[in-house]
Amino acid sequence: MNIAEKLLANAAGEDHVKPGQFVNCRLSCVLANDITAPLALEAFAEMGATKVFDPERIALVADHSTPNKDIKSAMNTKLMRDFAREQGIRHFYEACGGGIEHIILPDKGIVLPGDVVIGADSHTCTYGALGAFATGVGSTDAGAGMALGESWFRVPESMKFVFSGQRRKWVTGKDLILFTIGKIGVDGARYRAMEFAGPVIEGLPMADRFTICNMAIEAGGKAGLIAPDQTTVDWVTPRAKREFQVFTSDADADYAEVFDWNAADIEPQVSFPHLPENTRGISEVGDIAIDQVVIGACTNGRMEDLEAAADILRGHKVAEGIRCLIIPGSHEIHLEATRAGLVELFLEAGCLVSTPTCGPCLGGHMGILAAGERAVATTNRNFVGRMGHTESEVYLASPYVAAASAITGKISGPEEI
Amino acid sequence: MIIKGNAHKYGDHVDTDVIIPARYLNMNTAEELAAHCMEDIDKDFIKRVKPGDIIVAGKNFGCGSSREHAPIAIKGAGVSCVIAETFARIFYRNALNIGLPIVECDVAGLGIESGDEIEVDLSGGIVRNLTRGTETTFPPLVGMAQTLVEAGGLKNLVRKRLGVD
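Below, the structure is looked at part by part. Computed from a predicted model, the values in this text were never measured in an experiment.

**Some remarks on the overall build of chain A**
- Broken down by element type, chain A carries 14 helices and 18 strands.
- The C-alpha radius of gyration computed for chain A amounts to 20 Å, which stays within 12% of the reference 22 Å derived for 417 residues, consistent with globular compactness.
- The principal-axis extent of the C-alpha atoms belonging to chain A is close to 55 × 50 × 40 Å.
- If you take every contact in chain A between residues at least 6 apart in sequence, the share linking residues at least 24 apart comes to 75%.
- For chain A, the exposed surface amounts to about 13,800 Å²; the carbon and sulfur share of it is 48%.
- Taking the 36 positively charged and 54 negatively charged side chains of chain A as two groups, their mean positions are separated by 2 Å.

Quick look at the structure:
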């Protein structure tokens, strides 16, 4: 079996599962955020449930409209806060001490290798970087998961993406996943699990691995998975407060498709509007003037991402007229970046540093685009109207490219700095 | 069950951000959400749509965000069924969970244009374009998908599991 099959088989109490089979799995964690939790809690009540299956295994994170942008958002967060208190749920996070769900759940050891996780947020697939089967669902599924502690799954076919060769300088996990989506398309992995492997993946730190698995959904993937190795175990061990299990694919595991790519052929990538599959190498971008840069989100809001941006911005200024928004992914990362002097570096370069939020990524608040404006963002989607007006444009890229673009005022590679 | 309505046609990869933009996601009722349904892809949709109408699309309908607000907005707008070449996984599951009928079939072969009168025989597995005299079949739902539809959505199934009903 491959890793996806092993994870689902383990949580279903089965010796063996195969693609197409329907299984009922025990859930290690159920997640919802300030957009999806209100409907999930409503569904929970309508299902006649009164107690969550295990308060330790529920995570409620207010991050999308955080700090609460208006009265409705404040009421939604209050609903979550009250529910968490009433049910004894410790893992409730909001402004002050919280952060973006897909950054804080791994960081706080709430999700671990071997877990099966559902989250009412499509980027729940991020946790596949830990070797967990994690997938996005809607609010009703999350409400049912909170009530029952289990959920049904159709065992997916798996696709394997093997990266070999020498990764070029400035090429990050973001570039590898944008490249992948560019090759297979936004529905290239629809309903399937995407397993990333090979020496290049094995050489990546956890931050890059989270970025890769985060965007599996942008190819339609049900899960993005990387087999845990020593890097994973070293990262997880100090964070874990319960036992975890390591599953890896068998050498003779079945895959619907296998892709072998040489990383030496891959340059920094930029996804053009209005689909993540519209990927081009930085050398093919041309002259594209921009208005805003966003560095952050569940995709690239980790300490390593801020360090990458700082490497480029150090000693430089943001071009006149460009708004460069830097958004640490959690309270802890914000603190760490402050202690490391990065916040001062960003402010001196002319950026603003926001408190943690998903805000601009989904066009919620904290940096909305007007008609005709363009942004380079380290976020994960560039759909029509995603960051604001339907006539605005979002170009997806790594923190290196985003920071370089902030300095030049047009989409630029780090080598131009 | 037979559904009949007029088509509103869209292309491939209609994402949940255009079905219901994030600026409205702090709303939770079907009525509030329906008022902004399809706003960023078709701003007059909500003025044109009539109860029973059918949304017709290409590949990967409902891709992107997991927001259940998307099928809720569509159902709230009075749409009786969504027909597409394929659906994104989370949208598909959400639609079944809340009882919005959805059909995967050969949309291209039906030659549908906006305004065409479409008939969907859900149990018989047939979609007919009554305006152009074309029809196609679709396979019956299997496994949990079938169970969900028979139960009238996930909430009913969970109520049964919890012994509430």
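Picking up after the structure, the text goes on.
**Thoughts on the interface of chain A and chain B**
- Across the boundary between the two partners, chain A contributes 47 residues, which contact 44 residues of chain B.
- Overall, the association of chain A and chain B removes approximately 3,900 Å² of surface from exposure, summing both partners, and the carbon and sulfur fraction of that is 57%.
- Residues Asp-141 of chain A and Arg-93 of chain B are paired through a salt bridge, measuring 2.7 Å at the closest nitrogen-oxygen approach.
- Along the contact surface separating chain A from chain B lie 24 residue pairs in polar contact (both at pLDDT 80 or more).
- Mapped onto the side of chain A that touches chain B, the elements with two or more residues apiece are β1 (22-26), α2 (37-46), α3 (71-87), β6 (133-136), α5 (139-148) and β7 (150-154) of chain A.
- Top element by residues in the side of chain A that touches chain B is α5 of chain A. It accounts for 6 residues.
- Of the residues that constitute the side of chain A that touches chain B, the class distribution is 21 nonpolar, 14 polar and 12 charged.

**Side note on helix α1 (residues 3-12) of chain A**
All names here are of chain A.
- Among the 10 residues that make up α1, 9 are buried, leaving the element largely enclosed by the rest of the structure.
- Within the span of α1, buried status applies to Ile-3, Ala-4, Glu-5, Lys-6, Leu-7, Leu-8, Ala-9, Ala-11 and Ala-12.
- Between a side-chain oxygen at the N-terminus of α1 and the backbone nitrogen of Ala-4 the separation is 3.2 Å; the capping residue is Asn-2.
- One or two positions beyond α1, positive phi appears at Gly-13, with a value near 70°.

**A closer look at the packing of aromatic side chains**
- In total, this model carries 17 aromatic pairs over all chains according to the counting rule given.
- Here the aromatic rings of Tyr-191 of chain A and Tyr-92 of chain B are separated by 6.3 Å at their centres, their planes lie at 70°, and the arrangement is edge-to-face. Of this pair, Tyr-191 of chain A sits in the loop between α6 (173-184) and β9 (193-197) while Tyr-92 of chain B sits in helix α5 (residues 89-98), each in a different chain.
- On the basis of relative accessibility, which here comes to 17%, the residue Tyr-92 of chain B falls in the buried class.
- By way of ring pairs, the aromatic residues Phe-161, Phe-163, Phe-179, Phe-196, Phe-259 and Trp-261 of chain A are connected into one cluster.
- Arg-93 of chain B extends its terminal NZ or CZ atom over the ring of Trp-152 of chain A, reaching a point 3.9 Å from the ring centre.
- Of note, Arg-93 of chain B hangs over the ring of Phe-153 of chain A, and the distance from its end group to the ring centre comes to 5.9 Å.

**Digging into the sheet that holds strand β2 (residues 54-57) of chain B**
All names here are of chain B.
- Strand order across the open sheet formed by 7 strands is β4-β3-β2-β1-β5-β6-β7, with mixed pairing between neighbours. Two strands lie at the open edges of the sheet, namely β4 (102-104) and β7 (134-137), each paired on one side alone. The sheet shows a mean angle of 25° between the axes of neighbouring strands, taken without regard to direction.
- Note that strand β6 (residues 126-129) and β7 share 4 bridges and pair antiparallel. Residue pairing across strands places Ile-126 opposite Thr-137, the latter belonging to β7.

**A closer look at the nonpolar core**
- Judged by nonpolar contacts, the single largest core of 93 residues is most densely connected at Leu-60 and Met-146 of chain A together with Phe-61, Ile-74 and Phe-91 of chain B.
- Here this core gets 7 residues from one element, more than from any other, and that element is α1 of chain A.
- Among all residues touching Phe-91 of chain B, those that are not within four sequence positions of it are Thr-16, Ile-19, Phe-61, Gly-62, Ala-70, Pro-71, Ile-74, Leu-100 and Ile-102 of chain B.
- The next biggest cluster of nonpolar side chains, apart from the first, holds 60 residues, and it includes Ala-59, Ile-104, Ala-189 and Ile-212 of chain A.

**Structural notes on the side chain of His-36 of chain B**
Residues and elements named next belong to chain B.
- With respect to the helices and strands, His-36 occurs in the loop between α2 (30-34) and α3 (45-48).
- Classification of His-36 by relative accessible area gives buried; the value is 18%.
- Once you skip the residues sitting within four places of it in the chain, His-36 turns out to touch Ile-19, Ile-20, Pro-21, Tyr-24 and Met-27.

**Re the sheet that holds strand β11 (residues 257-262) of chain A**
All names here are of chain A.
- The 4 strands are arranged β10-β9-β8-β11 in an open sheet whose pairing can be described as parallel. The outermost strands of the open sheet, each flanked by one partner alone, are β10 (223-225) and β11. Strand after strand, the sheet turns through a mean of 15° between neighbouring axes, direction not considered.
- Direction of pairing for strand β8 (residues 158-164) relative to β9: parallel, over a ladder of 5 bridges. Note that in β9 the partner of Ser-158 across the bridge is Ala-193.
- Strands in contact with α1 are β8, β9 and β10; relative to β10, the strand with the most contacts, it is inclined by about 110°.
- On the sheet, α6 packs against β8, β9 and β11 and is oriented at approximately 125° with respect to β8.

**Here's the deal with the pairing of β1 of chain A**
Residue and element names in this part refer to chain A.
- Burial along β1 is one-sided: the face carrying Val-23 and Cys-25 is buried and the face carrying Phe-22, Asn-24 and Arg-26 is not.
- Direction of pairing for β1 relative to β7: antiparallel, over a ladder of 5 bridges. Along β7, the bridge assignment pairs Cys-25 with Ser-151.

**So, the packing of α2 of chain A against α3 of chain A**
All names here are of chain A.
- Two elements in contact, α2 and α3, have axes separated by 9 Å at closest approach and are oriented at 45°. Taken together, α2 and α3 sit at an angle that is classed as oblique. In terms of crossing hand, the pair formed by α2 and α3 is left-handed. Taking contact as the criterion, the partners of Ala-37, Pro-38, Leu-41 and Phe-44 in α2 are, on α3, Asn-76, Leu-79, Met-80, Phe-83 and Gln-87.

About the thresholds
- Residues numbered from 1 in each chain as written.
- Chains lettered and ligands numbered in written order.
- Predicted model: local features only at pLDDT ≥ 70, side-chain atom pairs only at ≥ 80, totals over all residues.
- Heavy atoms only, no water.
- Helix = DSSP H or I, 4+ residues; strand = E, 2+ residues; numbered from the N terminus.
- Rg over C-alpha atoms; globule rule 2.2 N^0.38 Å.
- Contact = heavy atoms within 4.5 Å.
- Areas by Shrake-Rupley, 256 points an atom, 1.4 Å probe, with all protein chains shown as cover.
- Lys, Arg positive; Asp, Glu negative; His and termini not counted.
- Charge placed at Lys NZ, Arg CZ, Asp CG, Glu CD.
- Buried area = accessible area lost by both parts, 1.4 Å probe.
- Salt bridge = Lys/Arg side-chain N within 4 Å of Asp/Glu carboxyl O.
- Polar contact = N/O pair within 3.5 Å; in protein donor to acceptor, adjacent residues only side chain to side chain.
- Nonpolar A, V, L, I, M, F, W, Y, C, P; charged D, E, K, R; others polar.
- Buried < 20%, exposed > 50% of the residue type's maximum accessible area, 1.4 Å probe, protein only.
- Phe/Tyr/Trp six-rings, centres within 6.5 Å; stacked < 30°, edge-to-face > 60°.
- Lys NZ or Arg CZ within 6 Å of the ring centre and 35° of its normal.
- Pairing = 2+ DSSP bridges.
- Axes fitted to C-alpha atoms, helices over the stretch in contact; angles between N-to-C directions.
- Core = buried A, V, L, I, M, F, W, Y, C linked by side-chain atoms within 4.5 Å.
- Parallel < 35°, antiparallel > 145°, perpendicular 65-115°, else oblique.
- Left-handed = near helix turned anticlockwise from the far one by under 90°.

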